[in-house]
Amino acid sequence: MAKGIEIREAHFPGRAPIDAYGNGGFRFADMSHRGSILCLPSGIHGWDKTEGTPLTLADLQRVLDEADGIEVLLVGTGKEIRPLPADIKAALRARRISSDPMSTGAAVRTFNVMLAENRAVAAAIIAV
């Protein structure tokens, strides 16, 4: 018997460069995703974060959970650069992750370069 539409959590189970961004989403691995993303060792995950809303420690829990595979976290904060709150920087530092907030475009470009260099990079990128 046929079921209705099944909605699943957005997740691409691999590491891939970001091919394009804008119009509220991203293109990667011959797919597109509307909304923000987390690029982690476990793959690319949909992220319920919008530009202009304050970033909290809870927003980055998945990053903290995968800290063993991350040396650098790039945070694409939207069109404008926004500093990371002190509690987030402290939590990342405690797990030996250096963090770098930047505009979304800069985060995408930097992520792609570091990924190509096979670095232990992750990114939390807010869609623009």
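**Student:** Mind showing me how you'd approach the environment of alanine 94 here?
**Tutor:** Along the chain, alanine 94 turns up in helix α2 (residues 86-94). The class of alanine 94 is exposed, set by a relative accessible area of 63%. Sequence separation between alanine 94 and alanine 67 is 27 residues; the distance between their C-alpha atoms is 10.0 Å.

**Student:** Please clarify how the pairing of strand β9 (residues 121-125) should be interpreted in this entry.
**Tutor:** Remark: a regular strand shows side chains that alternate across the two faces of the sheet. Burial of β9 is extensive: five of the five residues sit out of reach of the surface. Of the two faces of β9, the one carrying Val121, Ala123 and Ile125 and the one carrying Ala122 and Ala124 are both buried. Of the strand pairs in this sheet, strand β5 (residues 36-40) and β9 are connected by three bridges, and their pairing is antiparallel. Paired with isoleucine 37 across the two strands is isoleucine 125, which belongs to β9. In this sheet, β9 lies alongside strand β7 (residues 72-76) in parallel orientation, the contact comprising five bridges. In the sheet register, leucine 73 faces β9, and the bridge partner there is alanine 122.

Reading the values: rules and limits
Residues numbered from 1 in each chain as written. Predicted model: local features only at pLDDT ≥ 70, side-chain atom pairs only at ≥ 80, totals over all residues. Heavy atoms only, no water. Helix = DSSP H or I, 4+ residues; strand = E, 2+ residues; numbered from the N terminus. Buried < 20%, exposed > 50% of the residue type's maximum accessible area, 1.4 Å probe, protein only. Pairing = 2+ DSSP bridges.

These values are about where atoms sit, not about what they do.
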